[in-house]
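# Observations on the model geometry
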Number of protein chains: 4
Amino acid sequence: MRKFGIIGVGHVGVTVAYTLVTKGIADELVLIDSNEKKAVAEQLDLEDCQARLDTTTKIKVQDYSELSDADVLFVTAGNVASLQHHDGNRWAEFEYTREIVKNIAPKIADSGFNGVLVDTMNPCDAIAHYLQREAGFTTAQCMATGTFLDTARMQRVVAEQFDTNYKNVTGYVMGEHGASQFVAWSTVKVNGHPLMEYAKANGKDFDYDALEEEIRMGGWAVFSGKGYTSFGIATCAVKLAQSVISDAQLECPVSSYNEKYDTYIGQPAVVGKNGIEYVNQIELPPDEEAKLKNSADTIKEKFATM
Amino acid sequence: MRKFGIIGVGHVGVTVAYTLVTKGIADELVLIDSNEKKAVAEQLDLEDCQARLDTTTKIKVQDYSELSDADVLFVTAGNVASLQHHDGNRWAEFEYTREIVKNIAPKIADSGFNGVLVDTMNPCDAIAHYLQREAGFTTAQCMATGTFLDTARMQRVVAEQFDTNYKNVTGYVMGEHGASQFVAWSTVKVNGHPLMEYAKANGKDFDYDALEEEIRMGGWAVFSGKGYTSFGIATCAVKLAQSVISDAQLECPVSSYNEKYDTYIGQPAVVGKNGIEYVNQIELPPDEEAKLKNSADTIKEKFATM
Amino acid sequence: MRKFGIIGVGHVGVTVAYTLVTKGIADELVLIDSNEKKAVAEQLDLEDCQARLDTTTKIKVQDYSELSDADVLFVTAGNVASLQHHDGNRWAEFEYTREIVKNIAPKIADSGFNGVLVDTMNPCDAIAHYLQREAGFTTAQCMATGTFLDTARMQRVVAEQFDTNYKNVTGYVMGEHGASQFVAWSTVKVNGHPLMEYAKANGKDFDYDALEEEIRMGGWAVFSGKGYTSFGIATCAVKLAQSVISDAQLECPVSSYNEKYDTYIGQPAVVGKNGIEYVNQIELPPDEEAKLKNSADTIKEKFATM
Amino acid sequence: MRKFGIIGVGHVGVTVAYTLVTKGIADELVLIDSNEKKAVAEQLDLEDCQARLDTTTKIKVQDYSELSDADVLFVTAGNVASLQHHDGNRWAEFEYTREIVKNIAPKIADSGFNGVLVDTMNPCDAIAHYLQREAGFTTAQCMATGTFLDTARMQRVVAEQFDTNYKNVTGYVMGEHGASQFVAWSTVKVNGHPLMEYAKANGKDFDYDALEEEIRMGGWAVFSGKGYTSFGIATCAVKLAQSVISDAQLECPVSSYNEKYDTYIGQPAVVGKNGIEYVNQIELPPDEEAKLKNSADTIKEKFATM
């Protein structure tokens, strides 16, 4: 039986919940929120789906003890509204989400939960690290969506230049899920070809800095039009959870602990039943390695203040 | 190729869109909203999903002419905020949604769309009728979710009394998707048994009026906790659309034109490629027939003022 | 994590396996067959799917000890070829499948398996009873597909008379999954209407005996054209397993232990995490009750010789 | 509405059909076989599934005129038994399948079908070319699964060396879907790393010829254990069809027309609504280019005798 928990039923959390229910992925689902009325309303709305679906998911609310035998716990709390006045800087959520983690980490620890945590809170990397430490899990057990989402945006932006499928673009956005992130252009391929070669061969002359800016501001583009982001991030979080549940050993960029820089950061890793099975070490050219170091420093600096 | 349009990308519209994309139901999807920035943001957020999904959906925005070869058009515009001060009375949305329909109906007509309309706007029944008339479609082509959602709530409320699956409860909520709706208790079965007999046999003594009130206020319970309803209603709308697309001839309660009472109203009907293939005539006991007539009168009265 | 076992990778077993893998239902799957080469070949063929699927299923073979933590075990062994010369009489498989059960029952018992058994072997009802007894499980833990498949055929045959969706037909085929089965016409409804009334109202005058014969011989019609049956039966078996896995409490006709007649027999029951949660007692008219008794006697008589 | 046709309801054809029905991909499906009794039996068996599924697929049989508005036509005829005495040499099916194509090509042409053909017959590449020519379609409209399946096997064999997910392995098997195929090792990556570098970094010393032989004989391994292959090949064929239906522009190795060598051959191409949208030209090292030429010569030689 597959059992999932979700702490925080805001836009991201409920989209994760809706996906798990409507695609028949979850057999049991536990919703927890600081606003109990909202958690119960989301439970009801999800239950209103079930007479119309072919699968059945048991939904429980507000009970941390139900997490003891859950396989994956999504931590999706946060207050997106705090972003509104800060031009998309995810550090703006920092103080707010740190308080949330201070509050929920001991409850998670006490619940007996011993599965894998998938965190979507912002500032993504630092908060995942903080959560891992405060709740007392191994770094393997705690990951955050990080640049998995930014990579999806990179796949979109690059694919559209070639009218090809987003899945035909591979490679990584690395670093912080935030301003200091960077596209590791050396890793990007289109239809199996190194991007820059393929662009030349197709007579395309890109402004790579402009493309990178479009990717970095992808979340902001969504946010400024709808007031929050939900679908892309939820789809990434669910994908990671499915890899845990089926021990899929899926390789993908995800925020996880980097030993060299002693911080959580968006980097390629392999995800399985233990969470982060191993970091997929890749050789970056010096300019990209410098960007990774710079991004790691940014994250660590903030984390140090926690 | 399956092609869908959605007019109105509020909570319901985008949940329909997300479902069609993430379950691989739609090959092509057209999003239209009076707020272009929001439509574009939703397109981006849905596109950010696609590198993580196994299926591909092409998403277009703001172009009515794209509806000309669409199979199903969801009309999900509306301003849920107007509800907030009216204690759940869906007529509160009346003036607002009528203006929307006045605005979009000629555009739909001009687009060349000739598929099936699935309307979720409120007041559901009257607006569907108004939309059908204004946009110049046959009554078969235009349906509204109506009491399909209330019936899902009835299945939930009744099933929970017996700890059985929601899908083990059959029967209909009929009438207005609003205050004058009623549970046609004579049609309700649990595990194949007539409800009232089964309740007695299991030593249960229900207050059926209280159950009915819980069902009727199901939407309000969700609304008061989360500020809107989205999952249940979207799942119902998608189910209807799937029945159209595959010509499934699915029998279910849905808001459709009733000849006897000359109004749209929630009643059992069969849904296929032509929309409402036929109304499923059922014999109600006199007290339930009276409730149906009363509900029809309520809807007609409002409709007359349109 | 959802884990399933399959003993017997003939046409039914591998179709179940393929369904669990390609629909992403199983996280782990154990295949066991008396023909090891075939089990390994099926494993390979299923693994050849996985680079093309969005989900991942770990497939293991020939290891009974892997069943110890499985949730559901399909028992699908049998030699359909033995049917070929016996005009569709499922008792023809009796001696052959009894020997199989004698061989595998102690291995299942020794494996430590303690989940739910879903049996598709023939003669379905007697073999399920024999398997339950030999392997030492409770009657709740052991069910067989039984008339769940015959009921699907009844839904098809009846629905086609009205050009309606198969799912719009409800009711039960009961008794033996074999010659003595019967359609409990008193339970059959179309679009919510009692069949016989609805037929009259629609000016249809059926030969119900002929319809019943078409339903009863449905398996034979498939068998005589393709040499075996696989899709319908596998779909029924998977549906039951999904109800177990998600504790769905799904009500459906299934072969299970009937106290009154002290035998396994096709009857409505509710399926959840414990297997048969309870038999759904229904009141049959005397002629149908007599048919049920007759069918029970037929099954018991054979079972007594085991 | 998505409509598919299948000519040839042997093991591959019916597995394709079962997948399209049970995953809700097809709204309408046409089955055609030289053995009408078998086609009807498969229709019945697929229809027996539908009362247990959430989606509906209309199934028609033996009517070529129904293909006129189909989107994709699978051509899956063939007599796998002829393989049995030929040690896995797919040319053994040559004379037999050529006669089939001679018979069906004019019927396809006359049906008015104007969608995309997905061929799985053997010898795959030559037969696809022959079918394209005989039925009068453009080369874009006619593709064969070719080395898409062999590539899935390569992904399996390589991934297992590293205990990683099959989908973490990219690259191509190219050339004939048969003995002269080859793994384009220069294209193979594991977790994003060039295979040979990654193997060294992980202290692995492979016999690449042995790996290639295991991949090449993957079909034979399945065939020798189960008497045919069905799941892997059907999954590949369905994946191609889904790319056509949704105009996904999916890049993958597939048998398609190669201008340089004037033959059908397994090579990377991009698949969309028009079938083969374009061949994805890749630069091979001289030894691999020589293998491609050799394989092309093998296919052309046989094709010349048709």
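Values in this document were obtained by computation on a predicted structure and should not be read as measured data.

## Here we look at the overall build of chain A
The helix and strand tally for chain A stands at ten helices and 14 strands. Taking 2.2 N^0.38 as the reference for a compact globule, 306 residues should give roughly 19 Å; the C-alpha atoms of chain A span a radius of gyration of 19 Å, in line with that estimate. With the principal axes as the frame, chain A shows a C-alpha extent of 55 × 45 × 40 Å. For chain A, the residues scored as buried account for 66% of the 306 residues in total. Pairs at least 24 apart in sequence give 69% of the contacts found in chain A among residues at least 6 apart.

## Concerning the pattern of salt bridges
A side chain with one charge may pair with a side chain of the opposite charge, provided their charged atoms come close. In this structure the tally under the stated criterion is 77 salt bridges over all chains. Residue Glu99(A) is joined to Lys102(A) by a salt bridge in which the shortest nitrogen-to-oxygen separation is 3.7 Å. One end of the pair, Glu99(A), and the other, Lys102(A), are both in helix 3 (residues 94-111), three residues apart, so they sit about a helical turn from each other. Taking the relative accessible area as the measure of exposure, Glu99(A) reaches 42% and is therefore partly exposed. Among the salt bridges present, the one from Arg216(C) reaches Glu213(C), with a minimum N-O distance of 2.7 Å. Here Arg216(C) and its partner Glu213(C) are both found in helix 7 (residues 208-216), three residues apart, which amounts to about one turn of the helix. Connected through shared salt-bridge partners, Lys3(A), Glu28(A), Lys60(A), Glu66(A) and Asp69(A) make up one network.

## Examining the relation of the copies chain A and chain B
Here chain A sits on chain B after a turn of 180° about the axis and a move of 0.0 Å along it, with an RMSD of 0.0 Å. Read as a symmetry element, the transformation amounts to a two-fold axis. Among all residues of chain A, the minimum C-alpha distance to the rotation axis is found for Lys23(A), at 3.5 Å. Here 100% of the interface residues in chain A have copies in chain B that are interface residues too; the copies meet face to matching face.

## Here's the deal with the environment of Lys204(D)
Residue and element names in this part refer to chain D. As for its placement among the helices and strands, lysine 204 is situated in the loop between helix 6 (195-201) and helix 7 (208-216). Take lysine 204: its relative accessible area is 30%, and that puts it in the partly exposed class. Lysine 204 sits 98 residues away from proline 106 along the chain, and the two C-alpha atoms are 53 Å apart. Setting aside its immediate chain neighbours within four residues, lysine 204 contacts Gln161, Phe162 and Ala199. In terms of polar contacts, lysine 204 uses its side chain to reach the backbone carbonyl oxygen of glutamine 161, at 3.0 Å.

## Topic: helix 4 (residues 124-135) of chain A
Residue and element names in this part refer to chain A. Over its twelve residues, helix 4 extends 16 Å from the first C-alpha to the last, a length consistent with the 16 Å expected when each residue adds 1.5 Å. Counting buried positions over the twelve residues of helix 4 gives ten, a clear majority of the element. Following helix 4 by one or two positions, glycine 136 adopts a phi angle in the positive range, close to 75°.

## A closer look at the relation of the copies chain C and chain D
After a rotation of 180° and a shift along the axis of 0.0 Å, chain C superposes on chain D with an RMSD of 0.0 Å. Comparing interface residues between copies, 100% of those in chain C also sit at the interface in chain D, which points to an isologous, same-surface contact.

## Comments concerning the pairing of strand 2 (residues 28-32) of chain D
Residues in a regular strand point their side chains to alternate faces of the sheet. Residue and element names in this part refer to chain D. Judged by how many residues are buried, strand 2 sits mostly within the fold: five of five residues are covered. The two faces of strand 2 match: Glu28, Val30 and Ile32 on one face and Leu29 and Leu31 on the other face are all buried. Both strand 1 (residues 3-7) and strand 2 contribute to a ladder of five bridges, which runs parallel. Bridging from a neighbouring strand, phenylalanine 4 pairs with leucine 29 of strand 2. Across four bridges, the pairing between strand 2 and strand 3 (residues 58-61) is parallel. Note that in strand 3 the partner of valine 30 across the bridge is lysine 60. Note that the unit made of strand 2, helix 2 (residues 36-50) and strand 3 has a crossover that is right-handed.

## Structural notes on unusual backbone geometry
Here the residue pair Asn122(B) and Pro123(B) is connected by a cis peptide bond, since its omega of -5° sits within 30 degrees of zero. Here Pro123(B) is to be found in the loop between strand 5 (116-119) and helix 4 (124-135). Phi at Asp247(A) takes a positive value of approximately 50°, unusual for a residue other than glycine. When its relative accessible area of 8% is taken as the criterion, Asp247(A) is described as buried.

## Digging into the packing of aromatic side chains
Evaluation of the coordinates by the stated rule reveals 38 aromatic pairs over all chains. Considering the side-chain rings of Phe4(C) and Phe74(C), the 6.2 Å spacing of their centres and the 25° angle between planes classify their relative orientation as stacked. Taken together, the positions of Phe4(C) in strand 1 (residues 3-7) and Phe74(C) in strand 4 (residues 72-75) put the pair 70 residues apart, joining distant regions of the chain. Across this residue pair, the class does not change: Phe4(C) and Phe74(C) are buried. One aromatic cluster is present, formed by Phe162(A), Trp185(A), Tyr198(A), Phe206(A) and Tyr208(A) through successive ring pairs. The cationic tip of Lys204(C) hangs over the ring face of Phe162(C); the distance from NZ or CZ to the ring centre is 5.5 Å. Here Lys226(C) stacks its cationic end above the ring of Phe231(C), 4.0 Å away from the centre of that ring.

## Describing the pairing of strand 8 (residues 182-190) of chain C
Residue and element names in this part refer to chain C. The buried count for strand 8 comes to eight of nine residues, which makes it a mostly enclosed element. Pairing geometry for strand 7 (residues 169-174) and strand 8, over five bridges, is antiparallel. When the bridges of strand 8 are listed, valine 169 appears paired with valine 190. As defined by bridge partners, strand 8 adjoins strand 9 (residues 193-194) across two bridges and the pair is classed as antiparallel. From the neighbouring strand, lysine 189 faces strand 9, where its bridge partner is proline 194. Hairpin connection, strand 8 to strand 9: the antiparallel pair is bridged by two residues, and asparagine 191 has positive phi, about 50°.

## What about the sheet that holds strand 10 (residues 189-190) of chain D?
The pairing of strands in a sheet comes from backbone hydrogen bonds and takes either a parallel or an antiparallel form. Residues and elements named next belong to chain D. A sheet is described by the order of its strands in space; here three strands give the open sequence 7-10-11, paired in antiparallel fashion. Every interior strand has two partners, whereas the edge strands, strand 7 (169-170) and strand 11 (193-194), have only one. By the bridge criterion, two bridges tie strand 7 to strand 10 in an arrangement that is antiparallel. Looking across to strand 10, one finds that valine 169 is bridged to valine 190.

## Remarks on the UniProt feature "domain: Lactate/malate dehydrogenase C-terminal" (unreviewed entry) in chain A
UniProt's entry tags residues 147-303 of chain A with the feature "domain: Lactate/malate dehydrogenase C-terminal" (unreviewed entry), counted in the numbering of this structure. What you have in residues 147-303 of chain A is 47% helix and 22% strand, and the ends, taken at the C-alpha atoms, are 18 Å apart.

## A closer look at the interface of chain C and chain D
A common way to report how large an interface is uses the accessible area buried once the components associate. Taken residue by residue, the interface counts 49 residues in chain C and 49 residues in chain D. Our count for the contact surface shared by chain C and chain D stands at eight salt bridges. A salt bridge links Glu42(D) to Lys226(C), with the nearest nitrogen and oxygen atoms 2.9 Å apart. Linking chain C with chain D are 30 residue pairs in polar contact (both at pLDDT 80 or more). Ranked by the residues each element gives to the side of chain C that touches chain D, the list is headed by helix 2 (residues 36-50) of chain C, at eleven residues.

What counts as what
Residues numbered from 1 in each chain as written. Chains lettered and ligands numbered in written order. Predicted model: local features only at pLDDT ≥ 70, side-chain atom pairs only at ≥ 80, totals over all residues. Heavy atoms only, no water. Helix = DSSP H or I, 4+ residues; strand = E, 2+ residues; numbered from the N terminus. Rg over C-alpha atoms; globule rule 2.2 N^0.38 Å. Buried < 20%, exposed > 50% of the residue type's maximum accessible area, 1.4 Å probe, protein only. Contact = heavy atoms within 4.5 Å. Salt bridge = Lys/Arg side-chain N within 4 Å of Asp/Glu carboxyl O. Least-squares fit on C-alpha atoms with pLDDT ≥ 70 in both. Polar contact = N/O pair within 3.5 Å; in protein donor to acceptor, adjacent residues only side chain to side chain. Expected span 1.5 Å × (residues − 1). Pairing = 2+ DSSP bridges. Right-handed = clockwise from strand over helix to strand, strands pointing away. Phe/Tyr/Trp six-rings, centres within 6.5 Å; stacked < 30°, edge-to-face > 60°. Lys NZ or Arg CZ within 6 Å of the ring centre and 35° of its normal. UniProt positions renumbered as here; feature names shortened; annotations may be inferred.

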